[in-house]
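Per-entry structural report
Here's the letter readout for the chains.
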Amino acid sequence: MKVLVTGSTGLLGSALLKQLTSPEYKVKITSRSKPENTGPFEWVYSDLLSGEGIEEAVKGVDVIIHAATSPVKDSKIVEVSGFEGFLRKMQYIKHFIYPSIVGIDGIPLKYYKLKYEAEDLLRNSSIPYTIVRATQFHNFVEKLFLSKPHFKRYIVPGNIKFQSVDVSDFANHLIGLVDKDPQGRTNDFGGPDIMTLREMAELKIKINNETNKVLSFSIPGVLYKSFVDGKNTNDNQKMGKITFVDYLRNKMD
Ligand SMILES: NC(=O)c1ccc[n+]([C@@H]2O[C@H](COP(=O)([O-])OP(=O)(O)OC[C@H]3O[C@@H](n4cnc5c(N)ncnc54)[C@H](OP(=O)(O)O)[C@@H]3O)[C@@H](O)[C@H]2O)c1
């Protein structure tokens, strides 16, 4: 089975590479920059923006795990029009696995709207696919909101909720789909706990024995409210095993 992983330098892409060790899989990886360590994998350059290298990337491949994304820069092209061009190159793909995000249809963020459009492109294509929506990754939430305190304080919109999941748990789940039949839109993959950002900040302070405090603020508007309401979570799909505390402790080892 020949598997292509796009976005091989990203959070999810790197986690996939660490786990795609089965000799049953011949793995090709692609991104614009070359990963520091390509291991046993064949790396090819490709760019969803220009379309360069896409044909070479998909050549001879049975299954694709599409972990390439660009949430901010040129997002409309990378997520939608470039993605559409990418799908057009696939004639013989047995299974296209698309990681998406929980709540994209209920949260007014431009990136989420584009992800939903990409899901639609897949739904309306003849490509056999599985769409799995995951909740935010632990490392993504930490980097975005809790990377460093200012004046001994984590200043955060403390009431917003996350059900963060470890990227390695999600990578493992996606790899488990490789040999399965395409499932269409499948069950969400959520983390083990739903917490407010304030609670996550307090856990970080406790686990790391920090003297920092949390300073929480609110933001008016529907976007903030959708995260306060937990539209990015799914209480019925607590699938990940590694908790935010485990993630913080593992970082210390
Ligand atoms: N982060 C989260 O919390 C989270 C949660 C749920 C689902 N997801 C989904 O998981 C997937 C992976 O997310 P991630 O957080 O791992 O993303 P990421 O860390 O930002 O990685 C993005 C990858 O895409 C590649 N890329 C960017 N622009 C590209 C282009 N024009 N052409 C080709 N490749 C390009 C990047 O490599 P180069 O720059 O070298 O090309 C990089 O390898 C996305 O679909 C995302 O929506 C993420």
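Below or above, wherever it landed, is the structure these notes cover. Since we're looking at a predicted model, the values are computed, not measured. (Residues numbered from 1 in each chain as written. Predicted model: local features only at pLDDT ≥ 70, side-chain atom pairs only at ≥ 80, totals over all residues. Heavy atoms only, no water.)

Section: the side chain of Glu79
How we decide: Only DSSP runs of H or I reaching four residues or more are called helices, and only runs of E reaching two or more are called strands; each is numbered from the N terminus. Three labels apply to residues, based on accessible area from a 1.4 Å probe with only protein chains included: buried if under 20% of the type maximum, exposed if over 50%, partly exposed otherwise in between. The charge count treats Lys and Arg as positive and Asp and Glu as negative. His and the chain ends do not count. Criterion for a salt bridge: a side-chain nitrogen of Lys or Arg within 4 Å of a carboxyl oxygen of Asp or Glu. Any two residues whose heavy atoms approach within 4.5 Å at even a single point are treated as in contact.
Mapped onto the elements, Glu79 comes out in helix H3 (residues 75-88). We note that Glu79 is buried and unpaired, the nearest opposite charge coming from Lys115 at a distance of 4.6 Å. In this view, Glu79 contacts Thr69, Ser70, Pro71, Tyr98, Tyr111, Leu114, Lys115 and Ala118; residues no more than four positions away in its chain are not counted.

Considerations on the environment of Thr211
Put simply, the rule is: Side-chain atoms alone can form a polar contact between residues adjacent in sequence; in general such a contact is a pair of N or O atoms within 3.5 Å, and within protein one must be able to donate a hydrogen while the other accepts it.
Here Thr211 is to be found in the loop between helix H7 (197-207) and strand S11 (213-216). A C-alpha to C-alpha distance of 34 Å links Thr211 and Thr9, two positions 202 residues apart in sequence. Among the polar contacts listed, one links the side chain of Thr211 to the side chain of Lys152, at a separation of 2.6 Å.

What about the site of the ligand?
Note the threshold: Here, proximity means that at least one heavy atom of the residue falls within 4 Å of the molecule or strand. Here, Shrake-Rupley sampling with a 1.4 Å probe gives the accessible areas, and only protein chains in the shown set may cover a residue. All amino acids are sorted into three groups, where Ala, Val, Leu, Ile, Met, Phe, Trp, Tyr, Cys and Pro are nonpolar, Asp, Glu, Lys and Arg are charged, and the leftover types, Gly among them, are polar.
Taken together, 27 residues sit near the ligand, with Thr9, Leu12, Ser33, Tyr111 and Lys115 positioned nearest. In the model, an oxygen atom of the ligand is placed 3.1 Å from a nitrogen or oxygen of the Thr69 main chain. The separation between an oxygen atom of the ligand and a polar side-chain atom of Lys115 is 2.5 Å. Coverage of the ligand by the protein amounts to 88% of the 900 Å² it exposes when considered alone. Of all the elements in the fold, those that place two or more residues in the shell around the ligand are helix H1 (11-19), strand S5 (95-101) and helix H4 (110-123). Looking at the shell around the ligand element by element, the count peaks at three residues for S5. A per-class count over the shell around the ligand returns 13 nonpolar, 11 polar and three charged.

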